[in-house]
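# Summary of structural features
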Amino acid sequence: MELDNENLDFIKLINIKGNVDNITPHKIAVVAFIREYGLLKIEAKEMTERTMAPKYRKDFCILALKLIQCPDMEFKALEALLTDGRYNLLSVHLQNFCVRLQNIYINGVNALMDCVTSTVDKLMVSPLVDQPELSTCTITRCSVLGFYLRRIMLHFDKLTFVQLGSLYKSFCQYYQKGRPGLMMRSLSKEKLNNTETQNLSSSIVVDESRPQEIISRVNIDKDKIENGFEECQWSRKQAELFTAQQANLLQINPKMALPPKQLQKMIMQIINDIPEYPDIHFLSFLNCIRMKEFCGAQESMYNCFDRAVFSVCSSNSNNDRNKNFRYAALNRAAMHTQFGHKSLAMEAVREALATAQEAGDTACLAHAAAWGALAGGRARRAALLARVPRAPRAAAAAAQLMAQHAALNAAKPCEVFQIITKGESINYLHSMTDLTMAGLANTAALWGLYGKTEMASVNCQLLLNLNTKCKVGVGSAWQWGDTSATAGAGAVCAAAWRGRVALAAALASHFVSPPARALSLRHHASFSLRAGKWEEAEQSIGELASFDRWESQLLRAEMYFLKGDPTNALETLHDIIDNCKTEDDSLHYISLRLKAMIMISEVQHSYNRIQSTNIMLLNEALCLAKKYHMHFLAATIEMHIANVQLHMGCSKNALILVRKVLPSIMEHGSAYDVARGMLLYTKCRIATVSPSGEARNQVLQSCCESLDIVKENFGKVGAQSRLLHTWYLQAQLYHDIGNTVMRNQCAWMYRQLEKQLPLESIQISHILY
C-alpha cells in the first residue's frame, strides 16, 4: 500500500504541469489589445458622454473571443489579422495598441508588469454597491474577458524573477519577428474621422523613427534565453475547445473538419505542448481512422487510454479506472472492426463484455454487442443481439442490426421492416436525429437488396432532404457522416439506373466519400463495357478493386465475356462463387452469388450448345433468389430462362414467361434492363406470330414501335452494340412489312453505327438477353 501511495503521489506531480497555463508573449499582446480598448472606451465616455458605435463594439468582442480561443500566433500574423479589414476597429485603438507594445519593448520588465497589473486595476474595479453610477468598471469579473484577465493575472503573480525576465526576452523576440512600426506607419497615413481626431487621438504622438532605432540597436540572442520559462502555443482550455469542435465535426460532417494532414499537424503541436492531455490522442485516433491508417490509430488509442488511466489513478478511484479499461477494449474492438480484423475485434469484444458485465455497465454492454454483431458474422449475431433491456439509443441501434441480420437469414420482408419500424419509433420518440438518418439509409439499402429500386430511391431522397441543420462554431454544419455518403451513393445509383449519365456524374462530384466513389466507378465501368471502351473499363475496374474487390471481379468477368474470352470469364466467376460460399458475413453475399451465377449462364449460353446444364443453373439461382426474397434478381433470372427457351425453340413458353415477368422489369429495372426486356419480348412475339395475313403485319408494326423504346433506352446507357442489333432487327421487320422508306433509313443508321464499332463487340450480341 505504501508503494502504491508513492506511485499515486508521483502521478499527481506529473499531472500538475497539465493544469498550468503558461504566460506567453501572444497572451501579453492580447492583454494589451484589451487594455487599450477599455481605456479608449472610458475616455470616449468621459469626453463625449457617448458610447462607441455598435459595429466597433461587436467586432471587438468577436475578435477578442477569437484571440482568446485560438492558439498563439506570431506577431506578423496578429498584425495581418488586425489590419486586413475583416473587423471594424478604430484606428486610434490600433495606434494605441502599437504604442503600448513598443513601450514594453523599449522600457523593459517594468512596462511589462505595468501593462498586466494596470489592466486589471483600471478596467476591472469592483462596482460600488452604494453608488453604482460612479463605478468605472468596464469589464465585469464574471465575463469572458474578466475570467481571461484574472487568470492571466493569477499566473503572472506566480512567476519568479528569472521567469519574468525570460518572459520579457521572449516578448522581445516575438516583437522582432513581426514588422515593428509598419502597422503604425500604415495607420498614421489613414485619415481618421472627425470624432476620432478631435476627441480621442489628440494625445497620441507617434515617433516613426524611434522603433527602427530601437530594433536596430537591440538584438537578443536566442541561444542565451534561460530555461526557466517554457513557452507553449496551446493552453489547456484552448486544446479542450479545439478537440471538442473537431471531434464533433468528424462525427457529424467530416467535410467541415480540418483536412487530415492539417489536423494531424495541429494535433502534434498540442501533444508537444500538453503531452498529458488524453483527449487529443483520441482525436488523433479518430483522424487516423478517417484515413485508414492502422498503425497511427493503434498508437494514438493506446496513448489516449494510458494517459486517461494515469489521470484517474491520481483520484484514487478504482471504478473510474475499470471504466477506462473496458472502454479501451470497446474502442479497440471498434478499431479492428473498421479495418476488417474480425478475429482481433472479437477478442476485444469479449473483453469489453466481461468487464461491462462485471461493472453492470449496460451502455458499454450494448455497444460491445453491436460491434460484436458487426465483427462476429451471422453465426454470432443472433446471440449478441438477444432481447435484453437496453437504453433507448442502444435499443434503436440494435433494431437496425437485427433487421440486417434477419434480411441476411431469409426472413420475410414484412418481418424485417417491422423491426425497422420499431427502431424508427424509438428514434422519433427520443429525437435521435443521427439514428433516424442511419435508419433511412438502412431502409434504402434493404429495399435495394429486395430489388425495389423505386422505394430505395424514395428513402435516399428523404435522407438527402432531411433538415438536420445545427450550428457548429461560427458557421453551420449539416449532420452528415456515413449516412450522407449512403444517401449520395443512392442518388448517384438512381440517376445512373435511369440512364441519366450526366446527372449521375454531377451528383458524384458532390459526394467524395468511399461509397459514392465506389458506386461512381462501378457505373462508369459498366457504361464503358457497354460502349466497348475496354481501356477505360479496365482502369475503372482497377480503381474499384480498392473499394470492393469482388464487385470489381464481377465486372472484370463481364469484360472478359464481352471481349470473347470465355475461359478467363468462367475462371473469374468460379472464384467469386467459391468466395461467396465461404464468406460468413457480407451484406451483398447472396446478391453477388446470384449475379455470378447469372453471368455463368450467359457465358454457357453463348459458347456452349448444350443448354440443359444452363437451365439447371438458372433454376438453382431462381430458388435462391426466391428464398431470400430478391424479387428483381428473380425476375432477371426468369428473363434469362425465357431467352434460353426462345433459342431452344420453345417460343410460346418463353412468351408466357416474359409477359409474366416484364411488368417487374419495367417497374424496378434500369434503362438497360428495360431495353433488354422489351427486346426479348419483341423477339418472342416475332417468333410466335402467324406466318401470313393482316394480323402478322399488325404484330410486326407493333414490334417496330416497341423497338423505338428499346433504341431509346440503349442509347441512354451507351450500349452501342445492342443498339446496332436493334437497328438491324427493325430494318428486317420493315422489309417484311413492305415499308421501304423506313427500311432504308434503319439500314443506313445500321451502316453508320457499324463503322464506329469493333467487330468483336457485336459477334454474340444477337443471342444475348
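Look a little higher up for the structure.
Because the structure is a prediction, the values reported are computed rather than measured.

In this section: the overall build of the protein. What the protein contains, in helices and strands, is 37 helices and two strands. Within the protein, the fraction of its 769 residues that count as buried is 49%. Taking the intrachain contacts of the protein between residues at least 6 apart in sequence as the baseline, contacts between residues at least 24 apart amount to 68%.

Before going further, it helps to spend a moment on the nonpolar core. Of all hydrophobic cores here, the largest spans 94 residues; its most connected members are V416, L446, L573, I576, L594, I637 and F714. Here F714 is in contact with Y672, A675, R676, L679, A719, R722, L723 and T726, once residues within four sequence places are set aside. If you look at the next biggest cluster of nonpolar residues, it comprises 52 residues, including Y37, L101, M153 and Y168.

Here A398 shows up in helix α20 (residues 392–408). We classify A398 as buried; its relative accessible area is 7%.

Turning to unusual backbone geometry, a few remarks are in order. The residue S431 is not glycine, and still its phi comes out positive at about 55 degrees. For S431, the position within the fold is in the loop between α21 (413–430) and α22 (433–449). At H629, a residue that is not glycine, the phi angle is positive and equals roughly 60 degrees. In this fold, H629 is placed in the loop between α31 (612–627) and α32 (631–647). What makes H629 buried here is its relative accessible area of 18%.

Attention now moves to the packing of aromatic side chains. On inspection of all chains with the given rule, the structure shows 15 aromatic pairs. A centroid spacing of 5.7 Å and a plane angle of 55 degrees characterise the contact between F75 and Y174, whose relative ring orientation is tilted. Remark: Y174 occurs in helix α8 (residues 161–177) and F75 occurs in helix α4 (residues 75–83); sequence separation between them is 99 residues. The exposure class of F75 is buried, given its relative accessible area of 3%. Three or more aromatic residues joined by ring pairs make a cluster, and in this case those are F75, Y105, F171, Y174 and Y175. The lysine or arginine in question, R530, covers the ring of Y672, its NZ or CZ lying 4.1 Å from the ring centre. Over the aromatic face of W727 sits the side chain of K711, whose NZ or CZ is 3.5 Å from the ring centroid.

Next up on the list: the packing of helix α34 (residues 671–688) against helix α36 (residues 720–737). In contact at an axis separation of 12 Å, α34 and α36 are set at 30 degrees when each is read in the N-to-C sense. It follows that α34 is roughly parallel to α36 by the angle criterion. With respect to the hand of their crossing, α34 and α36 are arranged in left-handed fashion. Between α34 and α36, the residues in contact are Y672, R676, L679, K683 and I686 and R722, H725, T726, L729 and L733, respectively.

Take N442: it is sitting in helix α22. For N442, a relative accessible area of 9% translates into the label buried. Non-local contacts of N442, meaning those with residues more than four positions away in its chain, are made with Q400, A403, Q404 and I420.

About the thresholds
- Residues numbered from 1 in each chain as written.
- Predicted model: local features only at pLDDT ≥ 70, side-chain atom pairs only at ≥ 80, totals over all residues.
- Heavy atoms only, no water.
- Helix = DSSP H or I, 4+ residues; strand = E, 2+ residues; numbered from the N terminus.
- Buried < 20%, exposed > 50% of the residue type's maximum accessible area, 1.4 Å probe, protein only.
- Contact = heavy atoms within 4.5 Å.
- Core = buried A, V, L, I, M, F, W, Y, C linked by side-chain atoms within 4.5 Å.
- Phe/Tyr/Trp six-rings, centres within 6.5 Å; stacked < 30°, edge-to-face > 60°.
- Lys NZ or Arg CZ within 6 Å of the ring centre and 35° of its normal.
- Axes fitted to C-alpha atoms, helices over the stretch in contact; angles between N-to-C directions.
- Parallel < 35°, antiparallel > 145°, perpendicular 65-115°, else oblique.
- Left-handed = near helix turned anticlockwise from the far one by under 90°.

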